[in-house]
Structure formats: C-alpha cells, structure tokens
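What follows is each chain in one-letter form.
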Amino acid sequence: MIRLGLVSDSHGAAMNIARAAEALRGVDALIHLGDVSADAGRFEALLRVPVHAVRGNCDVYSATAPEEMTLTVEGIRLLLTHGHRLRVKQGLLALACRARETGAQAALYGHTHVPSVERAGDILLLNPGALLSGRYAVLEFREGGPTPVMKIL
C-alpha cells in the first residue's frame, strides 16, 4: 500500500512542521499544497522522501513551485493545487471541472484551512486543512482506490 502525506497552509509553523514530520514517518511521499511551499524543503530534510509542492497565494517569493501539477500514483491521476485561483472558498465546482479537464480522479487542495473530503461524481476532492492549525491527512492507496485519513496533531 502506498501512503502519501498531505499538508497545506503550514505558513512556516516550525513546531507543527516538526510534529507532523514525526507523525508522518513511514509515508512514501509528501505533498505540500501551498502557503508556504518553501516549508516543503523542511519536510524533505526531515522525512527523506520525495516531496511535491505547489504554490499558494502567500507564496509570492517561491517561484520554483508550480501553481498546479498532476501526479499519478498507483494508476490514479491526482490534481494538486492550492485552490485560490479556482476560488475554492466560494465552492468546489471549478475545482471539480479542472480535475475533469486534467483527467484526474482526485483533486487535492488547500487555501480554506478547513479539512474536507467530498465527491463530485467520481472525483475525490480532498483538503487536509491547515497545518498551521495542526491539521493534515494521509492518502492511502488501497485495493478499492485512494482512501483519505484525516489527522490532527
């Protein structure tokens, strides 16, 4: 079983980054969904696993992270985005449409600081919540497909 750690909106909270990294030991990779995507480097150093990061609305100085990316894990295509450009605070329709456009079966996003697991038809929409508030998630790739496990520090 493949396990991905999911964090978003860490905003440089060093204590929560360290605590989350300890709790996420054993994941196969980590995804940072923006705000502050530079924190992805801290996770990479602590966990020593591949880390994928996208830029959020507070990442004006982090030009290296893309605003969006797709990643395929166990045959499942994932859309990674912070969500601010898709206005996820107003609703998830644009996010679901963007996932469909990219051929993704799951869209992982942040920005709202609120943990959420929803479905738009056959597309999983998953927000781990804000690491700043101690929220994170693990996405487990089981026989029946990706299964989110929401966590709190």
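Given the structure is predicted, the values throughout are model-derived calculations rather than measurements.

**Quick look at the sheet that holds strand S7 (residues 116-120)**
Pairing is mixed in the open sheet, where five strands are placed in the order S4-S5-S6-S8-S7. Two strands close off the open sheet at either side, each with one partner strand: strand S4 (68-73) and S7. Direction aside, the axes of adjacent strands within the sheet are offset by 20° on average. Strand contacts of helix H3 (residues 93-102): S4, strand S5 (76-81), strand S6 (106-108), S7 and strand S8 (123-127), with the helix running at about 135° to S5, the strand carrying the most contacts.

**So, the pattern of salt bridges**
A side chain of one charge can pair with a side chain of the opposite charge when the charged atoms of the two come close. Across all of its chains, the model carries eight salt bridges by this definition. Residue Arg42 pairs with Asp39 through a salt bridge whose shortest N-O separation is 3.8 Å. Of this pair, Arg42 and Asp39 both sit in helix H2 (residues 39-47), three residues apart, roughly one helical turn. Look at Asp39 and you get buried, because its relative accessible area is 3%. For the salt bridge of Glu67 with Arg55, the shortest nitrogen-to-oxygen distance reads 3.3 Å. Of the two residues, Glu67 sits in the loop between strand S3 (51-53) and S4 while Arg55 sits in the loop between S3 and S4, which places them 12 residues apart along the sequence. Linked through salt bridges whose partners overlap, the residues forming this network are Arg3, Glu140 and Arg142.

**So, the nonpolar core**
Leu4, Leu6, Ile31, Leu78, Leu80, Leu108 and Leu139 are the most contacted members of the largest nonpolar core, which has 18 residues in total. The set of elements that each furnish at least two residues to this core consists of strand S1 (2-7), strand S2 (29-32), S4, S5, S6, S8 and strand S9 (135-142). Residues in contact with Leu6, not counting those within four places in the same chain, are Ile31, Leu108, Leu126, Pro128, Tyr136, Ala137 and Leu139. Residues Ala20, Ala21, Leu47 and Val49 belong to the second largest nonpolar core, which totals 16 residues.

**Remarks on unusual backbone geometry**
With an omega dihedral of 5°, the bond running from Asp35 to Val36 counts as a cis peptide bond. Note on placement: Val36 falls in the loop between S2 and H2. Positioned with a positive phi, Glu74 is a non-glycine residue whose angle comes to about 50°. Residue position: Glu74 is located in the loop between S4 and S5. You will see that His111, though not glycine, has its phi angle at about 75°, which is positive.

**Side note on the sheet that holds strand S10 (residues 145-152)**
Consider a sheet: its strands pair through backbone hydrogen bonds, and that pairing is either parallel or antiparallel. A sheet is described by the order of its strands in space; here five strands give the open sequence S3-S2-S1-S9-S10, paired in mixed fashion. Two strands close off the open sheet at either side, each with one partner strand: S3 and S10. Neighbour-to-neighbour, the strand axes of this sheet turn through a mean angle of 20°, independent of strand direction. Note: S2 against S3, three bridges, orientation parallel. Bridge pairing links Leu30 to Val51 in S3. Packed on one face of the sheet, H2 meets S1, S2 and S3 and runs near 165° to S2.

**Some details on H3**
Helical geometry note: an α-helix holds 3.6 residues per turn, so side chains three or four residues apart project in the same direction. Looking only at H3, the buried set comprises Leu95, Ala96, Ala99 and Thr102. For H3, the buried positions fall inside an angular range of 130° around the axis, keeping them on one side. Every exposed residue of H3 that faces more than 90 degrees away from the buried side is listed here: Leu93 and Glu101. Where the residues of H3 are buried, they touch S4, S5, S6, S7 and S8.

Rules behind the numbers
Residues numbered from 1 in each chain as written. Predicted model: local features only at pLDDT ≥ 70, side-chain atom pairs only at ≥ 80, totals over all residues. Heavy atoms only, no water. Pairing = 2+ DSSP bridges. Helix = DSSP H or I, 4+ residues; strand = E, 2+ residues; numbered from the N terminus. Axes fitted to C-alpha atoms, helices over the stretch in contact; angles between N-to-C directions. Contact = heavy atoms within 4.5 Å. Salt bridge = Lys/Arg side-chain N within 4 Å of Asp/Glu carboxyl O. Buried < 20%, exposed > 50% of the residue type's maximum accessible area, 1.4 Å probe, protein only. Core = buried A, V, L, I, M, F, W, Y, C linked by side-chain atoms within 4.5 Å. Arc of directions from axis to C-beta.

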